2 protein chains.
Amino acid sequence: MAARAARGGHHGVSIEDVAEAAGVSTATVSRAVRGLPRVSETTRQRILQVAAELGYVASSAASGLATGRTRTIGVLAPYVDRWFFYKALEGVERELHQEGYNLSLFSLDSRTRERQRTFTKTMVAKHIDALLVLCMALSMEEIDELRRLDIPLVAVGGPVEGCPSVGIDDVKAAALATRHLLELGHRDIGILHGQDDDDDLNFKVPALRVDGFRAELERHGVPFRPEWEVNGNFTLASGAEAFDELWARPGPKPSALMCASDEMAMGVVLQARRHGVRVPEDLSVIGIDDHEFSSVMGLTTVGQDPVDQARSGTRMLLDELTGKTGAVRDVGAGFELILRSTTAAPAAR
Amino acid sequence: MAARAARGGHHGVSIEDVAEAAGVSTATVSRAVRGLPRVSETTRQRILQVAAELGYVASSAASGLATGRTRTIGVLAPYVDRWFFYKALEGVERELHQEGYNLSLFSLDSRTRERQRTFTKTMVAKHIDALLVLCMALSMEEIDELRRLDIPLVAVGGPVEGCPSVGIDDVKAAALATRHLLELGHRDIGILHGQDDDDDLNFKVPALRVDGFRAELERHGVPFRPEWEVNGNFTLASGAEAFDELWARPGPKPSALMCASDEMAMGVVLQARRHGVRVPEDLSVIGIDDHEFSSVMGLTTVGQDPVDQARSGTRMLLDELTGKTGAVRDVGAGFELILRSTTAAPAAR
DNA sequence: TTGAAAGCGCTAACAT
DNA sequence: ATGTTAGCGCTTTCAA
């Protein structure tokens, strides 16, 4: 056979090489390098020494094959170039490498409509011990497929049917943002929310935030105004477009806008100012997230911490893998109102 | 022994199971599922059918061990939550999954000062067939270590000593931005650049952009003014701080500022406006990158495309792995001046 | 405390 | 076109 051998064995310092050089068996080397008991301290030192000299590093394929574990966890995300996702990714990365685990990234956006296959083909391919799903629109079949993987699963940043998740309570967060506007005295409040994509996709976040918004309005006896509802896609550009759309519609304008993401909120603020609509004098704007640009922009928002959410999700996965069954469970993440300068009491009309 | 067996074999549909069910040998199954020749079409269909029914997926550990290949490539990045990096990551991801490869992410920021170990320990651990380095500050020892990996290597977004790289010509890009300011008539031009981190780290991008800036100034006979030079770290916040610092210094102010990144440029624009300094009337600002926020912000910039650069780097790696030696080489990426509304001729003084 | 040896699931000669 | 077989490099009983 000789796959590697044929390649000249140029870089193949194997456990056997170490064993030979140290004058012990491979079993002992294995115990020694993994810090297992049943090796005398002197032997261990000698082995470690030799291993270092030879530049030995265990083959993950081999140990993976022998143990059935890969020491890598997968992260499934719809995008990696959007705020919540790259922040969360950073969090997973940090938690993981600290434990010597590897991170395997799977990005499945809606473009990739041949997802079904990708799913099983590549990831199930047993190279991951656990999977962290970042707030994704998933069909029920896809969710089922994930569950069939039979590995620890956790969702971060949005609920996934039948899978423990860590994230903020979107209804409450949206309600908090809305309440701030109401308490300022606003009654003419519009909403810029994310879109519900395809309905068959199990992605609830946008709808939950709208729910929180409407509930809070109702609680204060303020009517929901459909003509002030606009659809965005969480990006800055869509926020700017939303402003244009709203202002192009006939009729009175809202005095405040609650946006489902900071990026959209910033788009609104920028576009509003460009069109001579003063923020917050003429229009109050509040977002959700606390994007790293928000403080410089002076954006009032309901902040959340994706890095932390991801770390916590990762930790649960890791714990589960190290035997602590029940480690993975639903966890509510924190969020708080951050007052800055894009909201103020409405001008007298 | 029975690692897997002990686990109950609950999810272990092995090649042997398929072979048995299909009434052929494992060798034939292997050929069939991998689409190799030397299998009759009818047999192949039958095997594929059976494999699908059983939900068979090859163990990557096993095939990796047998072939010496893992079908995953590594990406080494200092951050994942910064523009260039998450964009590039998106590019790598897209190119890779399209080919059925996996992406293993290693994020090594400066915080992680126990990098040395992480390097060899985890990544060299033979789970990657090739490595793409995203514009990182690396020490010479680290670079050497990477080279010793003896796998295809490519850098994206910045030169890495002794390693082919794809990216823009930073000197020329900075010169282009500077020239635009000069041609507008500016003579009092400041620069906001990235910092050179530790000097022992091989991270040239900031310095190259300064070089381009100074060279272009010189070419036009305009003096370089050290009092208008500020240090940033590529982020929006650092751009805002830089503006404050510059405006706090005694003496005359520049009429234009060339920023080494769009994020910093936006920070400057936002902070300037907040302090009543009009852009571009009082101050022209140009960036480098073409961040997704730049068009809405109206920021004039020299645009580059990290997604594309990353895809191209990835493709070279993949080509190299499929036998096309020499596929990995230095490639210059495109960049272009994008005129928007943060630059204008200087006001008469 | 240490070693021998049997796999883990797959691939690749080599034979048929 | 298909089967046999010997590993790939590690882990893990089990015995010493």
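Keep in mind that what you see is a predicted model, and the values were worked out from it rather than measured. (Residues numbered from 1 in each chain as written. Chains lettered and ligands numbered in written order. Predicted model: local features only at pLDDT ≥ 70, side-chain atom pairs only at ≥ 80, totals over all residues. Heavy atoms only, no water.)

Moving on, we get to the sheet that holds strand 9 (residues 284–289) of chain B. Residue and element names in this part refer to chain B. Pairing in this open sheet of six strands is mixed, and the strands run 7-6-8-9-10-12 from one edge to the other. The sheet is open, and its two edges are formed by strand 7 (229–232) and strand 12 (335–338), each paired on a single side. Averaged over all pairs of adjacent strands, the angle between their axes in this sheet comes to 15°, without regard to strand direction. Relative to strand 12, strand 10 (residues 300–304) runs antiparallel, the two being bridged by four bridges. When the bridges of strand 12 are listed, Gln304 appears paired with Phe335. (Pairing = 2+ DSSP bridges. Helix = DSSP H or I, 4+ residues; strand = E, 2+ residues; numbered from the N terminus. Axes fitted to C-alpha atoms, helices over the stretch in contact; angles between N-to-C directions.)

In this section: the confidence of the model for chain A. Put simply, chain A has an average pLDDT of 90, and 90% of its residues get 70 or more. Confidence over residues 1–10 of chain A falls short of pLDDT 50; this stretch has eight contacts with residues more than four positions distant or in other chains. (pLDDT = per-residue confidence, 0-100. Contact = heavy atoms within 4.5 Å.)

With that out of the way, let us pick up the protein's contact with DNA strand D. For DNA strand D, the set of nearby residues contains 29 residues, the closest of which are Ile15 and Ser30 of chain A together with Arg31, Ser40 and Thr43 of chain B. Within the backbone of Ile15 of chain A, a nitrogen or oxygen atom sits 2.3 Å from a phosphate oxygen of DNA strand D. Here Thr43 of chain B contributes a side-chain N or O atom positioned 2.6 Å from a phosphate oxygen of DNA strand D. For the surface near DNA strand D, the secondary-structure elements that each account for two or more residues are helix 3 (26–34) and helix 5 (60–67) of chain A together with helix 3 (26–34) and helix 5 (60–67) of chain B. When residues in the surface near DNA strand D are grouped by element, the largest group, five residues, is from helix 3 of chain A. Residue composition of the surface near DNA strand D, by class: 13 nonpolar, 11 polar and five charged. (Near = heavy atom within 4 Å. Polar contact = N/O pair within 3.5 Å; in protein donor to acceptor, adjacent residues only side chain to side chain. Nonpolar A, V, L, I, M, F, W, Y, C, P; charged D, E, K, R; others polar.)

Further remarks concern the protein's contact with DNA strand C. The environment of DNA strand C is made up of 30 residues, and the closest members are Arg31, Ser40 and Thr43 of chain A together with Ile15 and Ser30 of chain B. A distance of 2.8 Å is found between a phosphate oxygen of DNA strand C and a side-chain nitrogen or oxygen belonging to Tyr56 of chain B. With respect to DNA strand C, the backbone of Ala62 of chain B contributes an N or O atom lying 3.2 Å from a base nitrogen. Among the secondary structure elements, those contributing two or more residues to the surface near DNA strand C are helix 3 and helix 5 of chain A together with helix 3 and helix 5 of chain B. Considering every element that reaches the surface near DNA strand C, the biggest residue donor is helix 3 of chain B, with five residues.

Summed over the entire model, instances satisfying the criterion amount to 34 salt bridges over all chains. Taking the shortest distance from any N to any O, the salt bridge between Arg315 of chain A and Asp319 of chain A comes out at 3.1 Å. Pair noted here: Arg315 of chain A and Asp319 of chain A are both in helix 14 (residues 306–321), with a separation of four residues, about one helical turn. Given a relative accessible area of 27%, Arg315 of chain A falls into the partly exposed group. A salt bridge links Arg219 of chain B to Glu216 of chain B; its shortest N-O distance comes to 2.2 Å. Here Arg219 of chain B pairs with Glu216 of chain B, and both are found in helix 10 (residues 205–219), just three residues apart, close to one helical turn. (Salt bridge = Lys/Arg side-chain N within 4 Å of Asp/Glu carboxyl O. Buried < 20%, exposed > 50% of the residue type's maximum accessible area, 1.4 Å probe, protein only.)

Glancing now at the nonpolar core. Ile73, Leu89 and Leu134 of chain A together with Ile73, Leu89 and Leu134 of chain B are the most contacted members of the largest nonpolar core, which totals 62 residues. In contact with Leu134 of chain B, not counting residues within four places along its chain, are Val75, Leu76, Ala77, Pro78, Phe84, Phe85, Ala88 and Val156 of chain B. Ala272 of chain A together with Trp228, Val268 and Val279 of chain B belong to the second largest nonpolar core, which has 53 residues in total. (Core = buried A, V, L, I, M, F, W, Y, C linked by side-chain atoms within 4.5 Å.)

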